[in-house]
Number of protein chains: 2
Amino acid sequence: MKLATLKNNTRDGALIVVNNALTFYADASHIAATLQAALDDWANISPKLQSLAEDVEAGTGALKAFDQKACESPLPRAYQWADGSAYINHVELVRKARNSEVPESFYHDPLMYQGGSDAFLAPYAPIPLGDPAWGCDMEGEIAVITDDVPMGVSAADAANHIKLIMLCNDVSLRGLIPAELAKGFGFFQSKPPSAFSPIALTPDTLGEYWKDSLVHRQLEVDYNGKPFGRAWAQKEATFSLADLVAHAAKTRPLTAGTVIGSGTVSNKDENGGPGRKIEDGGLGYSCIAEIRMIETIANGAPSTAFMKHGDNVKIDMRDEAGNSIFGAIEQNIVSSR
Amino acid sequence: MKLATLKNNTRDGALIVVNNALTFYADASHIAATLQAALDDWANISPKLQSLAEDVEAGTGALKAFDQKACESPLPRAYQWADGSAYINHVELVRKARNSEVPESFYHDPLMYQGGSDAFLAPYAPIPLGDPAWGCDMEGEIAVITDDVPMGVSAADAANHIKLIMLCNDVSLRGLIPAELAKGFGFFQSKPPSAFSPIALTPDTLGEYWKDSLVHRQLEVDYNGKPFGRAWAQKEATFSLADLVAHAAKTRPLTAGTVIGSGTVSNKDENGGPGRKIEDGGLGYSCIAEIRMIETIANGAPSTAFMKHGDNVKIDMRDEAGNSIFGAIEQNIVSSR
């Protein structure tokens, strides 16, 4: 089933159930007022939502036209957002651009940071940027929402705690990252609010596209109206989403509604080298930092700038028939001043 | 006024108003069901809670005996927890123990990490520890809760967004920190859930104990029944709580219910040197890591161990008459296995 959260002038929005084609929806507030409320009691609530989803798919009941732009992120605010780095190619590129090795441990011990979850941006909301020198970048990712996960869960068991899947734009301020990471305590100011796809869907909805806790489809990132990234989300994933959930739960339980991200989806080139641009026949990049690393490796310096006021990023994923699966994230950079 | 959250078998507990002496309380659920609900509409809700608090203080209305052990942390789960390092003496000690300098920037650019906020421990809840080798430590801190804070707020304006004040035990797994910080993305597995004092109080409740966005009282940390730390929370604070709120809001707004921590409260010795133990006439330490640094500086190696199963930590703060202001945090270390 496909769930979404409509804007309704409250902090948490209103839960709705959307049909597979993303054309109409039914209000679900009689089952659970908000997505967090549904997740708080998922075992009891989800069968009722599933039943409503079947009615919606059959076209029965009170249905309304679905508008992605009327949506909040599925969880407009969440109790936890932790972002991993499943695609080590991204990390390898960063390191290669500065001539340093990837530590061996990175191939079995995932990188993960605790992100801010108090106010996610809506999927079509502008990204307020205080200063273009902050180096604003998109990061196209897969994200999952869990129910309650016990401390010390195995990766195999963690897979069963993945209840919903979304796309994510993990907005990053590259200009602030080096100095902030040098302080030793990780990201804070350099990671302003992320945005998520209009739809959060259950794993079964993806059918054969969901296997081994990875999404087996291409993540489509467009930048200023042109294809920028077409990486496959199942390729060269050193860690699955279940691995990342288990990593997060090693020393503590995770509360229902925890959002775990994959990190920037990133593929190597066919020949195993760093990925080429789409206009050069490659799969491109899910963030600007990567193209800058490729440029640095090739020419000694980057030539692509980070995002500036007025720039547009779109993140989407389509099925083989060309239909959007999650709805799109589409955001413009605006001045916050 | 003094607010608390009673356990009631729900995820967010029930909001109550407690008298100053912490002896009785009135249910506040007719005003706001939970503390988060109150914070979501603080401008409208807080005057009603204040009015109830006046009734409670006068002994009118339906009052019940207050039991700190029946409390959750004031926010049993929160949308944001960010912990600063206001007391740079703590950082200086860490650096001195390993013969490195504190970067000059640390005196005007606060250290801050994004913590997990999905499930805080109750103030009297045990601390589940998977493996004693993880090096479990307490950190006695001051924490504040904000309302909605705009992006780019000044420190002066940030002071007005501090709506509630608490004590905090920021549980840390010292054995996991070096390897985790070496990965470059900050704390994750090394920071399991924190606990907060039973009471969250408004700044005016502290009277002259709240000045310049600092609490002007001694933080009392007892370890296994003996005084361990008696540091003054206003002394040698390089940053105020308002400074830390402004730091957190530099690149993004903060949502109501954001919890910001001071970092471990830490004082220098009278002579300006590293603090002495309480049994040696000093003010002691608000975490075990500090006594280990002092021991390392003095003897080349630490002699005090981190916490093991069965150990007990108590964190409290009293007024001049000896009465607990926030109620105590008191936790035992237990095996999670």
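Just so you know, the residues in each chain are numbered from 1, in the order the chain's sequence is written. Each chain gets a letter, beginning with A, and each ligand a number, beginning with 1, in the order they are written. Only residues with pLDDT of at least 70 are given local features in this predicted model, and only at 80 or more are side-chain atom pairs given and counted; all residues enter the totals for whole chains, interfaces and linings. Heavy atoms throughout the structure, all of them, feed into the side-chain values; hydrogens and water do not.

Chemist: What am I meant to see in the UniProt feature "domain: Fumarylacetoacetase-like C-terminal" (unreviewed entry) in chain A here?
Modeler: Per the UniProt record, "domain: Fumarylacetoacetase-like C-terminal" (unreviewed entry) is found at residues 81–332 of chain A. Counting secondary structure, residues 81–332 of chain A comes out at 16% helix and 25% strand; the distance between its end C-alpha atoms is 23 Å. UniProt positions are given in the numbering used here, feature names are shortened, and annotations may be inferred rather than shown by experiment. Secondary structure counts use DSSP, requiring at least four H or I residues in a row for a helix and at least two E residues in a row for a strand, with both numbered from the N terminus.

Chemist: Explain the pattern of salt bridges here, please?
Modeler: A side chain of one charge can pair with a side chain of the opposite charge when the charged atoms of the two come close. By salt bridge we mean one thing: a side-chain nitrogen of Lys or Arg within 4 Å of a carboxyl oxygen of Asp or Glu. For the structure on display, the rule yields 32 salt bridges over all chains. Ionic pairing is found between A:Arg318 and A:Glu220, a salt bridge with its closest N-O pair at 3.0 Å. Separated by 98 residues along the polypeptide, A:Arg318 in the loop between β20 (312–316) and β21 (329–335) and A:Glu220 in strand β17 (residues 218–223) bring together distant segments of the chain. Residue A:Asp222 is joined to A:Arg230 by a salt bridge in which the shortest nitrogen-to-oxygen separation is 2.9 Å. For every residue, the accessible area obtained with a 1.4 Å probe (protein chains only) is divided by the maximum for its type, and the residue is called buried under 20%, exposed over 50%, and partly exposed between those limits. A relative accessible area of 16% means that A:Arg230 is categorised as buried. What emerges from the salt-bridge pattern is a single network uniting A:Arg11, A:Asp12, A:Arg77, B:Asp40 and B:Asp148.

Chemist: Teacher, can you tell me more about the interface of chain A and chain B here?
Modeler: Interfaces are often sized by the amount of accessible area the parts lose when they come together. Any two residues having at least one pair of non-hydrogen atoms within 4.5 Å are treated as being in contact. Between chain A and chain B, the contact holds 52 residues from the first and 52 residues from the second. Note on chain A versus chain B: buried area summed over both sides is about 4600 Å², and carbon and sulfur give 55% of it. Defined here as a combined quantity, buried area equals the accessible surface (1.4 Å probe) lost by two parts on assembly, summed across both. Summed over the three residues of chain A that lose the most area to chain B, namely A:Tyr79, A:Phe185 and A:Phe188, the buried surface amounts to 21% of that side. Any pair of nitrogen or oxygen atoms within 3.5 Å is treated as a polar contact; in protein, a donor-acceptor pairing is required on top of that, and neighbouring residues in sequence qualify only through side-chain atoms on both sides. Joining chain A to chain B, the criterion identifies 25 residue pairs in polar contact (both at pLDDT 80 or more). Only α1 (35–40), β7 (112–115) and α6 (241–248) of chain A provide two or more residues apiece to the side of chain A that touches chain B. When residues in the side of chain A that touches chain B are grouped by element, the largest group, four residues, is from β7(A). Charged means Asp, Glu, Lys or Arg here, nonpolar means Ala, Val, Leu, Ile, Met, Phe, Trp, Tyr, Cys or Pro, and polar covers whatever is left, Gly included. In the side of chain A that touches chain B, the residues fall into 25 nonpolar, 16 polar and 11 charged.

Chemist: Can you help me understand the environment of B:Ile31 in this one?
Modeler: Residue and element names in this part refer to chain B. Looking at the element boundaries, Ile31 is found in the loop between β3 (24–27) and α1 (35–40). Note on Ile31: relative accessible area 17%, which makes it buried. For Ile31 and Leu15, which are 16 residues apart along the polypeptide, the C-alpha to C-alpha distance reads 8.9 Å. Those residues in contact with Ile31 that sit more than four places away from it in its chain are Ile45, Lys48, Leu49 and Leu52.

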